[in-house]
Structure formats: C-alpha cells, structure tokens
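Each chain, written out:
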Amino acid sequence: METKKTSTKADRREKALQVSRRLADHYKETNRILDAVLPDLPQNSTKKSVS
Amino acid sequence: MPVAHYDYDFIDESIKSYFFKTNAHVFYRIEFKPTGYIFGEDVIWSNYCYEFSIKLSANSPKTPPFDSLVAPTIAVIFIDFFREKEKAILYTCDTSDRRHTARMNKFNRWFEHFNQGDFCKIDASIADPIQNVYYINSLIIREDNPYKEEITDAFDELMGGLEEEK
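Residues numbered from 1 in each chain as written. Chains lettered and ligands numbered in written order. Predicted model: local features only at pLDDT ≥ 70, side-chain atom pairs only at ≥ 80, totals over all residues. Heavy atoms only, no water.

Trainee: Explanation requested: the overall build of chain A in the structure shown.
Mentor: The helix and strand inventory of chain A stands at one helix and zero strands. For chain A, the exposed area adds up to about 3,400 Å²; of that, 51% sits on carbon and sulfur atoms. (Helix = DSSP H or I, 4+ residues; strand = E, 2+ residues; numbered from the N terminus. Areas by Shrake-Rupley, 256 points an atom, 1.4 Å probe, with all protein chains shown as cover.)

Here you go:
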C-alpha cells in the first residue's frame, strides 16, 4: 500500500514537471516581450477600468 | 474610466488571434491556443483552457521599445478574450534566467492594476531537479466562471502538494 502511494505521488510529480517544462518553453518568448513592455508599476498603484 | 490603448483586429478561429500596430510600427500578435493536453479531453471545461503567446512580426525589433499604450492594449485584449466567462488561462513565469522574482512581481502588479475584482490568479511552484530551476505556474480565471471549482481543483490536483519554497 505504501509503495502504491509513493508511486502515485511520483507519477503526479512527473506529470506536473512535464506540463511545467512545456509551458515554460512555450512562454519563454512571451516573457521576454512582457519584460520589455510591462510598466514598472508601484506596488499599490491605483486601479484603472478598461471597460 | 476607459484607458487609452491601440485599436486591434481579431481572428476567431481555433487559435484566437489579436493583432495591433504601435505608433513606432511594431506589430504585435497575441494568440490564445487551447491546452486540452493538460487536463485531458474528457471534461467539458478542458476546451476552455488556453495558453497565450505574444509575438512580434519578423520586421519588428527583437526587443520592442517601451510604449505606454502596449500594456493597456494587452489588458483590453485579455478582457475581450475573457468575455466568454468559461475560459481560463495557464501562464508560466520564465525562471531560466534567475530574474523570475522581479518578472513575477511585475506581472502581478500589472495584473492587479487592471483587475477590477473580476479575475483571480492562483499560483503554484514546482522544482525541477533535472533542469535545476523551479517553475511558477499560474491559473487565471474569471471569478464567475461556472467551472471555477472544477478547474481550480484540477489545477491544484496537478500542481498542488508539490509546491516549493520561492
């Protein structure tokens, strides 16, 4: 029983890592562009409506 | 109060694509692509889960100049994309260059700046001992998404319990 529990957690971790690696690869270029275009807003900036 | 932003075009296909051009003639394309592979195709809400990407046209500079209208335009596009309240986005902050904390803070402040309480963002991090990095994954979803509980539960099930210290 204990072995099964460990295996399940290992499987979940592997799936999470696979998804994370794929997403990280996908977002590399987008992150680079966001670094350049997002403003340096103060922590408690006043919210604005975009509606 | 409306915020100034660039006008954009939209193509509604399986990949939702938005386009806009800045005053400096930088062409942006923002795509939202379904991510059925993450949660599987056997749940109806899986079809509403997307990843996004921001791309520049080939003749645009590799690193675009800062333009104060670009961030509000991206925010307006996000809000337009989320008009269908069932949609959800999975986002990952790049941690490969070790600037992830500043990057995540910047993204979070931008997200909160434009969020009027309609959206929530759930973060989960996981260490990758092989790549020697840790990933910060986020789920962005409307508060009134009818599948909010199912999607957040599935996100927690996928990433939860594996979180690492940031």
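Trainee: Help me understand the packing of aromatic side chains in this model?
Mentor: The description of two aromatic rings rests on the distance between their centres and on the angle between their planes. Residues and elements named next belong to chain B. A full pass over the atoms with the stated rule returns 21 aromatic pairs over all chains. Between Phe-52 and Tyr-91 the ring centres are 5.7 Å apart and the planes differ by 10°, which places this aromatic pair in the stacked class. Taken as a pair, Phe-52 in strand β4 (residues 49–56) and Tyr-91 in strand β5 (residues 88–93) lie far apart in primary sequence, 39 residues in all. A relative accessible area of 1% places Phe-52 in the buried class. In this structure Tyr-91 comes out as buried when scored by relative accessible area, which is 1%. Across from the ring centre of Phe-81, 4.3 Å away, lies the NZ or CZ of Lys-87, which sits over that ring. (Phe/Tyr/Trp six-rings, centres within 6.5 Å; stacked < 30°, edge-to-face > 60°. Buried < 20%, exposed > 50% of the residue type's maximum accessible area, 1.4 Å probe, protein only. Lys NZ or Arg CZ within 6 Å of the ring centre and 35° of its normal.)

Trainee: I tried to follow the sheet that holds strand β1 (residues 9–12) of chain B on my own but got confused; where do I start?
Mentor: All names here are of chain B. The seven strands lie next to each other as β1-β2-β3-β4-β5-β7-β6, forming an open sheet whose pairing is mixed. The sheet terminates laterally at β1 and β6 (119–128), the two strands that pair on one side only. Here the strands of the sheet are splayed against their neighbours by 25° on average, with no regard to which way each runs. Relative to strand β3 (residues 27–34), strand β2 (residues 16–21) runs antiparallel, the two sharing six bridges. (Pairing = 2+ DSSP bridges. Axes fitted to C-alpha atoms, helices over the stretch in contact; angles between N-to-C directions.)

Trainee: Would you mind going over the interface of chain B and chain A with me for this structure?
Mentor: How big an interface is tends to be stated in terms of the accessible area lost upon association of its parts. Each partner contributes to the interface: chain B provides 56 residues, whereas chain A provides 37 residues. Summed over both partners, the interface of chain B with chain A buries about 4,400 Å², with 59% contributed by carbon and sulfur atoms. Ranking the residues of chain B by area buried against chain A places Lys-106, Arg-109 and His-113 of chain B at the top, with a combined share of 16%. In this assembly, chain B and chain A are joined by seven salt bridges. Arg-12 of chain A is the partner of Glu-157 of chain B in a salt bridge, and the nearest nitrogen-oxygen pair spans 4.0 Å. Here chain B and chain A share 19 residue pairs in polar contact (both at pLDDT 80 or more) between them. The element contributing the most residues to the side of chain B that touches chain A is helix α3 (residues 100–114) of chain B, with eight residues. Per-class residue counts for the side of chain B that touches chain A are 31 nonpolar, eleven polar and 14 charged. (Contact = heavy atoms within 4.5 Å. Buried area = accessible area lost by both parts, 1.4 Å probe. Salt bridge = Lys/Arg side-chain N within 4 Å of Asp/Glu carboxyl O. Polar contact = N/O pair within 3.5 Å; in protein donor to acceptor, adjacent residues only side chain to side chain. Nonpolar A, V, L, I, M, F, W, Y, C, P; charged D, E, K, R; others polar.)

Trainee: What should I look at first to understand helix α2 (residues 70–81) of chain B in this one?
Mentor: Since there are 3.6 residues in each turn of an α-helix, residues three or four apart along the chain are aligned in direction. The end-to-end C-alpha separation of α2 of chain B is 16 Å, in line with the 16 Å expected for twelve residues at 1.5 Å each. The element α2 of chain B is largely enclosed, with a buried count of eleven among its twelve residues. (Expected span 1.5 Å × (residues − 1).)

Trainee: Explain the nonpolar core to me, please; I cannot follow it from the model alone.
Mentor: Most often, soluble globular proteins have nonpolar side chains that are buried together. Counting residues in hydrophobic clusters, the biggest one holds 63 residues, and the most contacted among them are Phe-32 and Ile-74 of chain B. Among the elements that make up this core, the one with the highest residue count is helix α1 (residues 2–37) of chain A (ten residues). Apart from residues no more than four positions distant in its own chain, Ile-74 of chain B is found in contact with Leu-34 and Val-37 of chain A together with Phe-20, Ile-30, Ile-54 and Trp-110 of chain B. (Core = buried A, V, L, I, M, F, W, Y, C linked by side-chain atoms within 4.5 Å.)

Treat this as a map of the structure, not an account of what it does.
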